[in-house]
Amino acid sequence: MSVDTERTVVVTVNGVPREATVPVRRLLSDALRHDLGLTGTHVGCEHGVCGACTVLVDGAPVRSCLMLAVQADGHAVTTVEGLARDDGRGGWVLHPVQEAFRECHALQCGFCTPGFLTTIAAGLHARDSSAEITDEEVDELVGGNLCRCTGYANIKKAVKHAAAAMAEDAR
Amino acid sequence: MTTKLFGEPVRRREDARLIVGQGRYLDDIGSAALAAAFVRSPHAHARIVGIDADAALDVEGLVAIYAYEDLTGPMAEPLPVLIPHPQLTSPRTGYPLANGEVNHVGEAVVMVVATDRYIAEDACDRIVVTYEELPVVVGVDAAREAEAAVHEEIPDNVAAVHHQETGDVEAALAAAPRTLSFTQYIERSGSIPMEGRGVHARWDADDASLRVYSSTQASTSVRAAIAAKLELSVDRVEVIAPDVGGGFGMKIVHPWPEELLVPMAAIALGQEVKWSEDRREHFISSAHERQQRQEITVGYDDDGRITALDVHVWHDNGAYTPYGIIVPIVTATQLIGPYVIPAYRVKVESVYTNTVIVTPYRGAGRPQGCYAMERTLDRIADALGMDRALVRERNLIQPDQFPYDQHLTFQDGRPVIYDSGDYPGLMAKLKALVGWDDAASLRSAAEARGKLLGIGMAMYVEGTGPGPYEGGHVQVLGSGKVLVSTGLTSQGQGHETVFAQIVASELGVPIEDVEVHTGDTRRFGYAVGTFASRAAVMSGNAVALAARGVREKALRIAADVLEADPGDLEIDDGLVQVKGTPGASIPLRTIAVLSNPLRYAFDEAAKQATQFAIPGSDDKPPVAVGDAPGLEHRDYYSPIRSTFASGAHAAVVEIDPATWEIDVVTYAVVHDCGNVVNPMIVEGQVHGGVAQGVGGALYERMAYDADGQLQNASFMDFLMPFASEVPDVVIDHQQTPSPLNPLGIKGAGEAGVIPGTAAIASAIEDATGRRIASMPIAPSQLYDLMRDENAERTMASAARTTGARA
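Please read these numbers as outputs of a predicted model, since none were measured by experiment.

1. Details of the domain arrangement of chain B
Residue and element names in this part refer to chain B.
Step number 1: The domain boundaries assigned to chain B delineate domain 1 (32–134 + 197–244 + 250–285), domain 2 (381–464 + 642–799) and domain 3 (467–595 + 630–637).
Step number 2: Summarising the inter-unit geometry, the C-alpha centres of domain 1 and domain 3 are found 39 Å apart.
Step number 3: Counting from both sides, the interface comprises 13 residues of domain 1 and, opposite them, 18 residues of domain 3.
Step number 4: Summed over both sides, the interface between domain 1 and domain 3 buries roughly 1,100 Å², with carbon and sulfur atoms accounting for 47% of that surface.
Step number 5: Three residues, Q217, T220 and V244, lead the burial of domain 1 against domain 3; their summed loss comes to 41% of the area buried on that side.
Step number 6: Where domain 1 meets domain 3, there are 0 salt bridges.
Step number 7: There are 8 residue pairs in polar contact (both at pLDDT 80 or more) connecting domain 1 and domain 3.
Step number 8: Of all elements in the fold, only α5 (219–229) and β11 (237–240) reach the threshold of two or more residues within the side of domain 1 that touches domain 3.
Step number 9: The residue makeup of the side of domain 1 that touches domain 3, split by class, is 6 nonpolar, 4 polar and 3 charged.

Listed below in structure tokens is the structure:
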């Protein structure tokens, strides 16, 4: 690769500044997975429909297969690996939506799961957590991602479960 | 007390890694591997005239290019016909790379290996393959008309004629008080797992061994196939199915060309090589299912009782038949469902087309069979002016008729003998669950809102858990950890949880101590695979038997130590104790240590088992004749024949007569899979199956044009249901345990998908009064049907004062 086809980018990934030299055509999804080793972000279609590769760029859900790695330069990216937070005692506290997915059996093969988790986490953080979540809000949050295993019923259940847990935390 | 775990909704153990992004799917493995990409045929049927790779040679990062001419030995021979059958008289399979001819768009022609996938695709783009196009056969009707042949030497395009007969159908039809005949169609869909196929291979030249990861449903058989094709001893090859992102049947096919070519390249290049399928490749080069033309004649009496059934199916098997005629056999044998059919004749002609191969997709021929049978019952009800539920009730096998012999031969070569069931029970529960008898008031209420409402139902019997066998190995370590392994693979069914539940329950240990491994030939080399709703039945019983073996041995050793009778001992919470005698106990982990007489004390626990610690008998060897060191046991479960699960579904649809949008407003499921290991997981399987059933009924179709180009080979165009398309599902359960296996279980994986097309077609017909004889159906097609003055109307619609007008 010649100089004009590569760029060095600095992206804050899950709170940590990461530098990588990537071909300019490299997709953000591939850079996260193959250059940074964050394989939790999955690629299901590479044309922006299925949502499995969804990450948060500056807090907003983005299909990382539709974004070039160079476009992420200077931005903050959160992947599924960054949803849980450090408990300060050497362990991790799962995000409420991660807890809810496990509790509600909202995943089977788990391949689409990271995209749902990031999308739903962003959506729940963007709303007033003290208000009870409506069915319409739930449908909106899960409506843009494909899952072939669950039939979505338990994913919807998990969103409600997570929203309730976040309401409890906000109290 | 150890919590009773069998039958409990235990939360899944695999989720801990999957929800934090620590799963390990195929493409997560081998970050340093070379990447393979393929030049695939752009034509549905063509001769390869030439391959010019010169322009690709300049691509920086190119490592190797392979075409058919580079294949040697068994690799240059056709791929195996995995399941031969005497009625598969003209089997055809492709080659790992096309040998002079391509028979569908997407067939692999050239493999490129490069330093990364981008570069491999660059090189693919520069390779020029010259073709001479040949006439194309698309669709089951074109195949049967046979104006062109897919394979030159098979001019009628017929790969197989599968035929079964249980009585004198001609005589029974002649004697029938009433008969009716009709033809109907069902279209192609596909498994379409979220993760496509993928293969990673690493050759260790120093050890002369090959390790292959494949996103497969059958790692042991992939291993055998690779060994055979690459001329390696099977002990030099290991195959592991890592976390697999869904399979739904398609990943049972093997060896895929890529499963052979990637290891071949890894050996030749002495470097790791990986191929991850992209979505377009998945649509055009993996597998599809479902297309059939069904010609049906039924004889019945004035009460709606069937006296004879004659079915002639034309089944589109695509370009090749690597998986034999399993789908046609399943359609033929499962079609008759829960009904008494005094005389049944079925003929399935399996025909070649220039399209992607047809192999099992969840349901594997059953949705088509169910569609044939249930739509027949709907037509009988309509002709007689009877309630559709009543017609079904009059034909059901009764609970006192089990075991019920249908006198057919199933896909495993064994008789179709239903082991147990309560079909009237299913029907009663379904009618209550969906409010079947209130349909008229629902219809009126919908009409007041300007909507057409219809209700439909369908029942099925599903042969699950076919043999020949699965095995299980259970080992208690000195740490107290219990290792469980079975050879079949997992694609999201929660096997790590359900097999742990079974072993923990059988052995009397906390589930936290149990660790389950599946689909790894290093741990368990004998297996068949995960398909046909068989994992819980087969490996569930195998690990249960293995756990019982461990328990027996543990009690024997503990009885010696505790100086008690084994019959007086129990295992609870990992502790072997004398019943009713507190304090007289020994931990299972200590028994594990004692079970392995040692010379060397490598740690504290091991000291207990060394030769001067155990006061052995001078006239007995430390390991008794017939015994073995270690607290472990291996066992196999091999069933005499399949178990037969059953169920009944109902759908209520509302149709907007302005747009003809079809909305499934209620979907009801009554399900019987015998004893349930984990009801949470079974419900999850039902939910997922129903979503695929609804998709297959209303949205999904493989839109091939006349040239054999798949017009919707992406998620933008192939309408796989999002959450907005999947109805809420209400579920009721019934449990009729199987008498055939120790745990009394039947399979649950495929059930949810089977009756969807039939039930929804019935509901649309009920709502519109137009005969629905081709599925799936889109709003535009329904609109055309409603505007077609020649469209057949149901008798029921003529009798009704309200309902559809177009």
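2. Quick word on the interface of chain A and chain B
Step number 1: In this complex, chain A contributes 44 residues to the contact, which on the side of chain B involves 53 residues.
Step number 2: Counting the surface lost from both chain A and chain B, the interface buries some 4,100 Å², and carbon and sulfur atoms represent 57% of this.
Step number 3: Between chain A and chain B we count 7 salt bridges in total.
Step number 4: A salt bridge links A:E103 to B:R11, with the shortest nitrogen-to-oxygen separation between them at 2.9 Å.
Step number 5: Our count for the chain A to chain B interface comes out at 22 residue pairs in polar contact (both at pLDDT 80 or more).
Step number 6: Looking at the side of chain A that touches chain B, the elements that each hand over two or more residues are α1 (28–35), α2 (96–103) and α5 (153–170) of chain A.
Step number 7: The element that contributes the greatest number of residues to the side of chain A that touches chain B is α2(A), accounting for 4 residues.
Step number 8: The residue inventory of the side of chain A that touches chain B, partitioned by class, reads 18 nonpolar, 16 polar and 10 charged.

3. Topic: the state of the cysteines
Step number 1: In this structure the tally under the stated criterion is 0 disulfides over all chains.
Step number 2: With no disulfide of its own, A:C109 has A:C149 as its nearest cysteine by sulfur position, at a separation of 3.8 Å.
Step number 3: With no disulfide of its own, B:C673 lies 17 Å from the sulfur of B:C370, the closest cysteine sulfur.

4. So, the domain arrangement of chain A
It is common to give the size of an interface as the accessible area that goes away when the parts come together.
Residue and element names in this part refer to chain A.
Step number 1: Taken domain by domain, chain A holds domain 1 (6–82) and domain 2 (85–170).
Step number 2: Counting from both sides, the interface comprises 17 residues of domain 1 and, opposite them, 13 residues of domain 2.
Step number 3: Summing both partners gives a buried area of about 1,000 Å² for domain 1 against domain 2, and 62% of it is carried by carbon and sulfur.
Step number 4: For the domain 1 face of the interface with domain 2, the top three residues by lost area are H42, C50 and V80, together amounting to 39%.
Step number 5: Where domain 1 touches domain 2, the interface holds 0 salt bridges.
Step number 6: The tally of links from domain 1 across to domain 2 stands at 7 residue pairs in polar contact (both at pLDDT 80 or more).
Step number 7: For the side of domain 1 that touches domain 2, the secondary-structure elements that each account for two or more residues are β3 (54–57) and β4 (60–63).

5. A few points about the confidence of the model for chain B
Step number 1: For chain B, the mean per-residue pLDDT works out to 95, and 99% of the residues sit at or above 70.
Step number 2: Confidence metrics for the complex model read pTM 0.96 and ipTM 0.97.

6. Considerations on the sheet that holds strand β15 (residues 344–352) of chain B
Residues and elements named next belong to chain B.
Step number 1: With mixed pairing, the 6 strands of this open sheet are ordered in space as β7-β15-β14-β13-β8-β29. Strand pairing shows two members of the sheet lacking a second neighbour, β7 (158–165) and β29 (774–775), which therefore form its edges.
Step number 2: In the sheet, strand β8 (residues 178–186) pairs with strand β13 (residues 292–300) via 9 bridges, with the strands oriented antiparallel. Pairing of S181 across the sheet is with T297, part of β13.

7. Remarks on the environment of B:R800
All names here are of chain B.
Step number 1: For R800, the location among the structural elements is in the segment after α19 (795–799).
Step number 2: The spatial distance from the C-alpha of R800 to the C-alpha of R13 is 54 Å, given a sequence separation of 787 residues.
Step number 3: With near-sequence residues (within four places) excluded, R800 lies in contact with R443 and D766.

Calculation notes
- Residues numbered from 1 in each chain as written.
- Chains lettered and ligands numbered in written order.
- Predicted model: local features only at pLDDT ≥ 70, side-chain atom pairs only at ≥ 80, totals over all residues.
- Heavy atoms only, no water.
- Domains from an automatic or database assignment.
- Contact = heavy atoms within 4.5 Å.
- Buried area = accessible area lost by both parts, 1.4 Å probe.
- Salt bridge = Lys/Arg side-chain N within 4 Å of Asp/Glu carboxyl O.
- Polar contact = N/O pair within 3.5 Å; in protein donor to acceptor, adjacent residues only side chain to side chain.
- Helix = DSSP H or I, 4+ residues; strand = E, 2+ residues; numbered from the N terminus.
- Nonpolar A, V, L, I, M, F, W, Y, C, P; charged D, E, K, R; others polar.
- Disulfide = S-S within 2.5 Å.
- pLDDT = per-residue confidence, 0-100.
- Pairing = 2+ DSSP bridges.

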